[in-house]
Amino acid sequence: MEITNVNEYQAIAKQKLPKMVYDYYASGAEDQWTLHENQYAFSKILKFLRCAGSDPRILIDVSKIDMRTTVLGFKISMPIMIAPTAMQKMAHPEGEYATARAASAANTIMTLSSWATSSVEEVASTGPGIRFFQLYVYKDRNVVAQLVRRAERAGFKAIALTVDTPRLGRREADIKNRFTLPPFLTLKNFEGLDLGKMEKSDDSGLASYVAGQIDRTLSWKDVKWLRTITSLPILVKGVLTAEDARLSIQAGAAGIIVSNHGARQLDYVPATIMALEEVVKAAQGRVPVFLDGGVRRGTDVFKALALGASGIFIGRPILFSLAAEGEVGVRKVLQMLRDEFELTMALSGCRSLKEITRDHIVTEWDVPRIRPAPRL
């Protein structure tokens, strides 16, 4: 069967993966309302092809479309990047190696999870590429400092600090499946610290691991502390409100990632696309704001940029395509999203990212902006 869009990889992954692994990747917290809303919310944002005071979106020369952008000073081919997702070797034997190579081939950024099944050094060994490192803060700060130093030495360019996981969300599929990391795999970044294995549990093995290792006292002072131990720019990942955006900037964040952890933490929080504009307005251009969660189409990328995002990150599409076709699948997902985004730009009359504006879309909270049809 020919794959024509990103969503089709999920059904293939479900067929190929063991139930415990698929459920771990696919499920969200509790009722999974936010999980569904992350994608559905994009459908409530419409393309608005002409509005008062704007230029027409037709009869524009779109023979050349420039999707290039710069993230924290690094030039990439498109504003579509790879989010951190844990334990990729459960999806495919090459795991994070394959993802790193695909990202490099697409000239975009890969973010490596702290809980990867390949270490920072192993991922660096795949060749050149712009890579960020996602960080959980452990109770033992020496572990954190050591991880950050290793990421620096391995050539990683930024730290994405996850701030929404003082405790693990209630993921009922993992509880039912008694999820644990398969015995032939380890959390490679922690292998030499006796923290790389996950014990079996009457609950979720990951929930037990988090309860034992991750620091529940994490606060804004720790963001400032992190800045004292690294010169790498820090992205605060897990922001959904204007107030937290302002506090992130005050703490010295170089950027913000609007994220609800793939709807895996607190259910019934807003879809990230719904929270995005509030955060962008609070940031006031002082730092770039990125989005992850629910992106499955090039039109989704366009909508996020129209609402002020500097770029987006994708997670589950990478895992599902990796499970289906390995590195080839990840390359295809990145290419499909790129092609769809390019087409959306062309059909909207946008030749570069700076031409994508708020006037290109209309949302539920913009209803007064829609002019009534004239009476005949």
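Residues numbered from 1 in each chain as written. Predicted model: local features only at pLDDT ≥ 70, side-chain atom pairs only at ≥ 80, totals over all residues. Heavy atoms only, no water.

Participant: Just to check I follow, could you spell out the packing of aromatic side chains for this structure?
Facilitator: Aromatic rings in a pair are described by how distant their centres are and how their planes are angled relative to each other. Here the structure, examined in full by the defined rule, presents 8 aromatic pairs. Seen from their ring centres, tryptophan 115 and tyrosine 136 are 4.0 Å apart, and the 20° between their planes marks the pair as stacked. In this pair, tryptophan 115 is assigned in the loop between strand E5 (110-112) and helix H5 (120-124) and tyrosine 136 in the loop between strand E6 (131-135) and helix H6 (141-153), connecting sequence segments 21 residues apart. What makes tryptophan 115 buried here is its relative accessible area of 2%. The exposure class assigned to tyrosine 136 is buried, which follows from its relative accessible area of 6%. One residue, arginine 141, lies across the ring of tryptophan 225, its end atom 5.5 Å from the ring centre. Positioned above the aromatic ring of tyrosine 24, the side-chain terminus of arginine 264 is 4.7 Å from the ring centre. (Phe/Tyr/Trp six-rings, centres within 6.5 Å; stacked < 30°, edge-to-face > 60°. Helix = DSSP H or I, 4+ residues; strand = E, 2+ residues; numbered from the N terminus. Buried < 20%, exposed > 50% of the residue type's maximum accessible area, 1.4 Å probe, protein only. Lys NZ or Arg CZ within 6 Å of the ring centre and 35° of its normal.)

Participant: Please clarify how the pairing of strand E10 (residues 289-292) should be interpreted in this entry.
Facilitator: The two faces of a sheet get side chains in turn, since along a regular strand they alternate between them. Both faces of E10 are covered, namely the face carrying Val289 and Leu291 and the face carrying Phe290 and Asp292. Here strand E9 (residues 255-258) runs beside E10; their pairing, made up of 3 bridges, is parallel. Bridge pairing in E10 places isoleucine 257 opposite phenylalanine 290. The handedness of the E10 to strand E11 (residues 311-314) crossover, carried by helix H12 (residues 298-306), is right-handed. (Pairing = 2+ DSSP bridges. Right-handed = clockwise from strand over helix to strand, strands pointing away.)

Participant: Before we go on, may I ask you to explain the nonpolar core in this structure?
Facilitator: One recurring pattern in soluble globular proteins is that nonpolar side chains are buried together. Membership of the largest hydrophobic core comes to 110 residues, with the highest contact counts inside it found for Trp115, Ile273, Leu276 and Phe341. Not counting residues within four places of it along the chain, the set of residues in contact with phenylalanine 341 comprises Met67, Pro79, Ile80, Gly298, Val301, Phe302, Leu305, Leu353 and Ile356. In terms of nonpolar packing, the next biggest core, distinct from the first, is built from 13 residues, Val71, Met81, Ala83 and Phe313 among them. (Core = buried A, V, L, I, M, F, W, Y, C linked by side-chain atoms within 4.5 Å. Contact = heavy atoms within 4.5 Å.)

Participant: What's the story with the pattern of salt bridges in this structure? I'm lost.
Facilitator: Side chains bearing opposite charge may pair, as long as their charged atoms lie close to each other. For the coordinates displayed, the defined rule picks out 20 salt bridges. Its salt-bridge partner being aspartate 66, residue arginine 68 comes within 2.9 Å of it at the nearest N-O pair. Looking at arginine 68, the relative accessible area reads 61%, which means it is exposed. Look at aspartate 66 and you get partly exposed, because its relative accessible area is 29%. Here arginine 246 and glutamate 243 are joined by a salt bridge, their closest N and O atoms 3.4 Å apart. Placement of the pair is arginine 246 and glutamate 243 together in helix H10 (residues 242-250), with a separation of 3 residues, close to one helical turn. Assessed through its relative accessible area of 42%, glutamate 243 is described here as partly exposed. (Salt bridge = Lys/Arg side-chain N within 4 Å of Asp/Glu carboxyl O.)

Participant: So what exactly am I meant to see when it comes to the pairing of E11 here?
Facilitator: Across the two faces of E11 the burial is the same, with Gly311 and Phe313 and Ile312 and Ile314 all buried. Two elements, E10 and E11, share 3 bridges in a ladder whose sense is parallel. Looking at E11, one finds that phenylalanine 290 is bridged to glycine 311.

Participant: I would appreciate a short explanation of the packing of H6 against helix H9 (residues 220-229) in the present structure.
Facilitator: Two measures define how a pair of helices packs: the angle their axes make with one another and the distance between the axes. At a closest axis distance of 11 Å, the pairing of H6 and H9 adopts a crossing angle of 50°. One way to sum up the angle between H6 and H9 is to call them oblique. In this structure, H6 crosses over H9, and the sense of that crossing is right-handed. Along the contact surface, H6 presents Arg141, Val144, Ala145, Val148 and Glu152, while H9 presents Asp222, Trp225, Leu226 and Ile229. In the contact of H6 with H9, the residues fall into 6 nonpolar, no polar and 3 charged. (Axes fitted to C-alpha atoms, helices over the stretch in contact; angles between N-to-C directions. Parallel < 35°, antiparallel > 145°, perpendicular 65-115°, else oblique. Left-handed = near helix turned anticlockwise from the far one by under 90°. Nonpolar A, V, L, I, M, F, W, Y, C, P; charged D, E, K, R; others polar.)

Participant: Help me understand the packing of helix H4 (residues 95-105) against helix H13 (residues 316-347) in this model?
Facilitator: Where H4 meets H13, the axes come as close as 8 Å, and the angle between the chain directions of the two elements is 15°. When the axes of H4 and H13 are compared, the pair comes out roughly parallel. Viewed along their axes, H4 and H13 form a crossing whose handedness is left-handed. For the pair H4 and H13, contact is made by Gly95, Ala98, Thr99, Arg101, Ala102, Ala103 and Ala105 and by Ile318, Leu322, Glu327, Val330, Arg331 and Leu334, respectively.

Participant: Even after reading the chapter, I still don't get unusual backbone geometry, so can you show me in this structure?
Facilitator: Note: most peptide bonds trans; most residues except glycine with negative phi. Phi is positive for asparagine 107, close to 55°, though the residue is something other than glycine. Tracing the sequence through the fold places asparagine 107 in the loop between H4 and E5. Even without being glycine, alanine 263 reaches a positive phi, approximately 65°. As for its placement among the helices and strands, alanine 263 is situated in the loop between E9 and helix H11 (272-283). Exposure remark for alanine 263: the relative accessible area of 0% places this residue in the buried category.

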